[in-house]
Amino acid sequence: MELLLIPSNSGSLNSVQWPLFLLSSKIFLAIDLSVEGRDTQRELWDRIMRDEYMCYAVVECYYIVEKILKSLLENEGRLWAERLFRDVNDSIQDQSVLVNFQINKLPLLLSRITALTGLLVHEETPHLAKGAMKAMQDLYDVVTHDILSPNLRENYDTWGILIKARIEGRLFSQMEWPKDHEIKEQIKRLHLLLTIKDYAVNIPKNLEARRRLEFFTNSLFMKMEPAKPVREVMPFSVFTPYYSETVMYSMSELRKENEDGISILFYLQKIFPDEWKNFLERIGRDETTLDSELQDNSSDLLELRLWASYRGQTLARTVRGMMYYRKALMLQSYVEKQVFGDIEDGMSGVDLTNTHGYELSREVRAQADLKFTYVVTCQIYGQQKQKRAVEAADIALLMQRNEALRVAYIDIVETLKDGKTYKEFYSKLVKADADGNDQEIYSIKLPGDPKLGEGKPENQNHAIIFTRGEAIQTIDMNQDNYFEEALKMRNLLEEFHGDHGLRPPTILGVREHVFTGSVSSLAWFMSNQETSFVTLGQRVLANPLKVRMHYGHPDVFDRIFHITRGGISKASRVINISEDIYAGFNSTLRQGNITHHEYIQVGKGRDVGLNQIALFEGKVAGGNGEQVLSRDVYRLGQLFDFFRMLSFYFTTVGFYVCTMLTVLTVYVFLYGKAYLALSGLDVAITKKARSLDSTALEAALNTQFLFQIGVFTAVPMIMGFILEQGLLKAIVNFVIMQLQLCSVFFTFSLGTRTHYFGRTLLHGGAKYRATGRGFVVRHIKFAENYRLYSRSHFVKAFEVVILLIVYVAYGYANGAVSYVLLTISSWFLSISWLFAPYIFNPSGFEWQKTVQDFDDWTTWLLYKGGIGVKAEESWETWWDEEQVHIRTLRGRIFETILSFRFFIFQYGIVYKLHATGKSTNLSVFTFSKKISVNFQLMVRFIQGATFIAVVTGLAVTVAVTSLTVTDLFASILAFVPTGWAILCLAITWKSVVKSLGLWKSVSAIARLYDAGMGILLFIPIVVLSWFPFVSTFQTRLLFNQAFSRGLEISLILAGNKPNVQL
């Protein structure tokens, strides 16, 4: 910590003092230059001055040593020190330092000075005093016999006073141990300057601390409004909705092991080894302390729970971060009162850096409480208290530890009247009293149950009345704050009075830092993607486009403006599933002005596993689908001018429309190619073009679809890299991300957004999807991935693969190179959609895990559903849940129309079979021998005929009919999409199929299709799992960030349990 302190530069030292981390190792580098070089004094000093901080370090070290020696020594010893430094100064003036002093002996001199300061930094004891005298004598001997030149040494050897003092043994017998505060600080600073060899770029060692310091120091040079004194600051509130998420980790949660034997505590110790070491030091324990030993002390146990909770996405972390606002206001108020001299303790304002004890000042605490209020709206806190839930006890503990914390909740009171039970609803605000119990501040009776719409906005709406001040900052439960950023809140609040155009700001946008991107590649991708959106994206949206909205970020609202114009949360069910952005819509529609400011940031936790990311993106995509249907978007489109309308469109719903159109383009392209191949038009067009010697028509036919779909979604992130880190570092990071298959991830995310956005447009009914906020460095079972991605990615990817096979089988063959160039992006899309969940799955290609996954998947696939059986346990229950979204007649009609595309395969391939003769009539498709064969094959397939019977039937078919083996392959290729089309139609018109008594047959066919898709997915995974190096390579690919930081990620993946031989 001493390395980062900024010196006051108010002492008597004749040198400018910089923070020590800037001067670290500079003395050693200067000595190396002196010892190794053969320069003159002027040349040596010029080389030192090329490094500004090296020059400052050398000058400061010289003056501090002089000051320390003169303050320590008395009588003859002081005379020796004064003459020595007088000779040094004269030599500097005469350019004779290299003549009068042996520079090559400076390392020896440095060791003696370091030994002396190492003793003087401690409090005086008889033993240390004796050691200091010996160290001083050693220093004298080195200076006299090693440093001084022979000519100069002779002057000291013949100095009578010095000789007499040495003979009598009193040269250094009277040393005054440093007692002056300034001298003691200088000794400590000199000792650090001479002992720390780390480079400035490596200080502090903790990467997060280094990042925070870099941003804070850079932000001080950004344009920001000047801050007013605390007593004149605009009062503000912070507002956090909470439902039933984790408040604090309990010891049972910290010790609970997953299937690999990994507990949360073990994970945190390996991911944050330096912070764990610091924690043990703070509580007075050494590094060898076992976790079980901390149970002996209840205080240490509580600190351990808090330490772990502050590194997860918990309410405790959010509360700690937001309470930094109060701490910052208290500190700033304390310093201001020292300057004006009106602090109640009567302290003088001489040393403004001495702020110890400011938290004990009643006056500054009262001042901070007048300006800051923190309300956490815990909707079901009352019910949790009645049930004596752990969450209620943890919330009460947070209130006890933070006196300014207020908790709002809905209290349900049941009353008996006329023999009937009535429920009364109260909105209450409580705080912790002196005894730690809940003290009710306000209680407001409500006309009924306030939860009429979506949960989160209703939770905010009932409690916003308890906030105070003129501004309100909305903070989600998975956010964090930093003390140094809280110091700039006064500047941010002044933006409400700044010049931002025609209208004053109504929402101040704040930058976010995603703190969950430090370990896995997925977390890194998501962090970079979010960072580009909340920096570069928000900056452009605010200025010059003027279409920035509220996206759930830690924005600061003009409280008076919004509570008089509909509040900050719209809560209508379904349509307002993404309630955050409607606050921005509402503010803009009511002539508000939304700005963005990047000199202050707030931490934000994001999803770190692929499944979590997919659920989050599905929720956002569904919310955007509902926005298309909202009147807010319609009104904004009507009222905006042309340019703002286009900007607004492409930055909200237009982004998802374009994403969906991008994927639809792939399908149109491939279906067009399949049509040309099956109809024979591509052959005819090519032959006609060649006969006419026309290459333009053939070139148009072979248009190459080379769009790397996933890369385009990463363009804003790449631009953000360039602007934030510079071109070279941006290129390096981009290459590293490509090596970690970021294109696969972004292509997969493209499919996620397309699926959920399209489903919402067709059927509506977007819903909140809980993503979970835990630590995800664990293996996800195959069945879990299949359940989540089967309909959104796998089915669509298999459709693309079949289209590509049809094209290569029946298209015009113009060489393998031409085919690869024409279809490479489509193959990349399909492979990404099929295998991304397994590529980004920790231990996804480990043989033992693969075997366990297969057993788990087959058990799930064959287990029958029923009442009380969950989707995670049975395929039947999951399959029923997958059909819930099809509810409306409009949706059924659209699904029916889309399902007819699969019959194109059957219709086209029939004309390619030899059994159809020369007929191209549509009746051939219905009554030909091929259809009879297909029907027989379908019946046998449904009845579960044995493998031998199928092979025998196929052989007989080839012998009796005119069909070839190739035709049988084509029959299967046509039958699979046809059967899927029939299945989709049956699901769409479920009630009709059930009335015909065919639903069980439909269910059996669906199970066979899922079994077939699962087997096709499993085969490559099994093959790759045979090779151990694949799993090693995958681990490096997924956790490159962890390996780069030297973390023991292998211990986390391997677990504490030994491998079991199968």
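Residues numbered from 1 in each chain as written. Predicted model: local features only at pLDDT ≥ 70, side-chain atom pairs only at ≥ 80, totals over all residues. Heavy atoms only, no water.

1. Section: the packing of aromatic side chains
(1) Moving on: Per the counting criterion, the structure on display carries 48 aromatic pairs.
(2) Moving on: Each ring, one from Phe782 and one from Tyr838, has its centre 5.1 Å from the other, and the planes form 20 degrees; the classification is stacked. With a gap of 56 residues between them, Phe782 in helix H38 (residues 782-810) and Tyr838 in helix H39 (residues 816-839) connect regions that are remote in the sequence. When sorted by exposure, Phe782 lands in the same class as Tyr838, which is buried. (Phe/Tyr/Trp six-rings, centres within 6.5 Å; stacked < 30°, edge-to-face > 60°. Helix = DSSP H or I, 4+ residues; strand = E, 2+ residues; numbered from the N terminus. Buried < 20%, exposed > 50% of the residue type's maximum accessible area, 1.4 Å probe, protein only.)

2. Thoughts on helix H5 (residues 75-93)
(1) Moving on: Look at H5: 27 Å from first C-alpha to last across 19 residues, which is about the 27 Å you get at 1.5 Å a residue.
(2) Moving on: Listed as buried for H5 are Glu76, Gly77, Trp80, Ala81, Leu84, Phe85, Asp87, Val88 and Ser91. Buried residues of H5, seen end-on, are gathered within an arc of 165 degrees and therefore sit on one face of the element.
(3) Moving on: With its phi angle positive at about 60 degrees, Gln95 sits one or two positions after the end of H5. (Expected span 1.5 Å × (residues − 1). Arc of directions from axis to C-beta.)

3. Topic: the sheet that holds strand E5 (residues 438-446)
(1) Moving on: In space, the 10 strands of this open sheet follow the order E5-E4-E3-E2-E1-E6-E9-E8-E10-E7, with mixed pairing throughout. Of all strands in the sheet, those bounded by a partner on one side alone are E5 and strand E7 (479-480).
(2) Moving on: Across seven bridges, the pairing between strand E1 (residues 236-242) and strand E2 (residues 372-378) is parallel. Looking at E2, one finds that Ser237 is bridged to Thr373.
(3) Moving on: Contacts from helix H12 (residues 207-219) reach strand E8 (507-514) and strand E10 (594-604), with the element oriented near 155 degrees to E10. (Pairing = 2+ DSSP bridges. Contact = heavy atoms within 4.5 Å. Axes fitted to C-alpha atoms, helices over the stretch in contact; angles between N-to-C directions.)

4. Observations concerning the pairing of E5
(1) Moving on: Sheet analysis places strand E4 (residues 420-432) next to E5, joined by eight bridges and oriented antiparallel. Bridge assignment links Ala432 to a residue of E5, and that residue is Asp438.
(2) Moving on: Taking the residues that link successive antiparallel strands as the turn, the E4-E5 hairpin has five residues, and the phi of Gly436 there is positive, at about 90 degrees.

5. Regarding the side chain of Arg406
(1) Moving on: Considering the arrangement of structural elements, one finds Arg406 in strand E3 (residues 405-417).
(2) Moving on: Asp369 provides the closest opposite charge to the buried, salt-bridge-free Arg406, at an N-O distance of 6.2 Å.
(3) Moving on: At 2.8 Å, the side chain of Arg406 and the backbone oxygen of Glu403 are in polar contact.
(4) Moving on: Non-local contacts of Arg406, meaning those with residues more than four positions away in its chain, are made with Tyr374, Val375, Val376, Leu429, Val430, Lys431 and Ile441. (Lys, Arg positive; Asp, Glu negative; His and termini not counted. Salt bridge = Lys/Arg side-chain N within 4 Å of Asp/Glu carboxyl O. Polar contact = N/O pair within 3.5 Å; in protein donor to acceptor, adjacent residues only side chain to side chain.)

6. Focus on a positive patch on the surface
(1) Moving on: A cluster of like positive charges, contributed by Arg565, Arg590, Arg631 and Arg635, occupies part of the molecular surface.
(2) Moving on: Among the structural elements, Arg635 can be located in helix H29 (residues 631-639). (Patch = residues over 30% accessible without salt bridge, like charges linked within 9 Å, V, L, I, M, F, W, Y side chains within 5 Å. Areas by Shrake-Rupley, 256 points an atom, 1.4 Å probe, with all protein chains shown as cover. Charge placed at Lys NZ, Arg CZ, Asp CG, Glu CD.)

7. Considerations on the packing of helix H15 (residues 273-282) against helix H16 (residues 298-309)
Packed helix pairs are characterised by how far apart their axes lie and by the angle those axes make with each other.
(1) Moving on: Look at H15 against H16: their axes get within 11 Å of each other, and the N-to-C directions meet at 155 degrees. Classified by the interaxial angle, the pair formed by H15 and H16 is roughly antiparallel. Between H15 and H16 lies a crossing whose hand is right-handed. Contacts from Glu275, Trp276, Phe279 and Arg282 in H15 reach Asp300, Glu303, Leu304 and Trp307 in H16.
(2) Moving on: Looking at the contact of H15 with H16 residue by residue, the class counts come to four nonpolar, no polar and four charged. (Parallel < 35°, antiparallel > 145°, perpendicular 65-115°, else oblique. Left-handed = near helix turned anticlockwise from the far one by under 90°. Nonpolar A, V, L, I, M, F, W, Y, C, P; charged D, E, K, R; others polar.)

8. Section: the nonpolar core
Note on soluble globular proteins: their nonpolar side chains tend to be buried together.
(1) Moving on: Counting 86 residues, the largest nonpolar core has Tyr786, Phe840 and Leu1017 as the members making the most contacts within it.
(2) Moving on: If we ignore the near neighbours within four places in the chain, the residues touching Phe840 are Ser521, Leu522, Phe525, Leu610, Gln740, Leu741, Val744, Phe745, Leu1037 and Leu1038. (Core = buried A, V, L, I, M, F, W, Y, C linked by side-chain atoms within 4.5 Å.)

9. A closer look at a nonpolar patch on the surface
(1) Moving on: On the surface, a cluster of nonpolar side chains totalling about 900 Å² of accessible area is made up of Trp847, Phe854, Ile1015, Leu1016, Ile1019, Val1023, Trp1026, Phe1027 and Phe1029.
(2) Moving on: Secondary structure elements with two or more residues in the nonpolar patch: helix H40 (847-862) and helix H49 (999-1025).
(3) Moving on: The element best represented in the nonpolar patch is H49, accounting for four residues.
(4) Moving on: Inspection of the secondary structure puts Phe1029 in helix H50 (residues 1028-1038).

10. Here's the deal with the pattern of salt bridges
(1) Moving on: For the structure shown, the criterion picks out 39 salt bridges.
(2) Moving on: For Lys134, the salt bridge is made with Asp138, and the minimal N-O distance between the two is 3.5 Å. Of this pair, Lys134 and Asp138 both sit in helix H8 (residues 126-147), separated by four residues, roughly a single helical turn.
(3) Moving on: When its relative accessible area of 55% is taken as the criterion, Lys134 is described as exposed.
(4) Moving on: Residues Asp632 and Lys570 are paired through a salt bridge, measuring 2.8 Å at the closest nitrogen-oxygen approach. A residue pair is termed long-range when its members are at least 10 positions apart, and Asp632 in helix H29 and Lys570 in the loop between helix H26 (559-563) and helix H27 (579-589) qualify at 62 residues.
(5) Moving on: Given a relative accessible area of 5%, Asp632 falls into the buried group.
(6) Moving on: The exposure class assigned to Lys570 is partly exposed, which follows from its relative accessible area of 29%.

11. Observations regarding the environment of Ala129
(1) Moving on: In this structure, Ala129 sits in helix H8.
(2) Moving on: A relative accessible area of 22% places Ala129 in the partly exposed class.
(3) Moving on: Residues Ala129 and Trp177, spaced 48 residues apart in sequence, show a C-alpha to C-alpha distance of 7.7 Å.
(4) Moving on: With near-sequence residues (within four places) excluded, Ala129 lies in contact with Glu124 and Trp177.

12. Remarks on the pairing of E8
(1) Moving on: Most of E8 sits inside the fold, with eight of its eight residues counted as buried.
(2) Moving on: Here E8 pairs with strand E9 (residues 556-558) via two bridges, running antiparallel. Residue pairing for E9: Ile507 is matched across the bridge by Phe557.
(3) Moving on: As paired strands, E8 and E10 are joined by eight bridges and run parallel to one another.

13. Let's talk about the environment of Glu66
(1) Moving on: Considering the arrangement of structural elements, one finds Glu66 in helix H4 (residues 52-72).
(2) Moving on: Using a relative accessible area of 13% as the deciding quantity, one classes Glu66 as buried.
(3) Moving on: With 18 residues separating them along the chain, Glu66 and Leu84 place their C-alpha atoms 9.5 Å apart.

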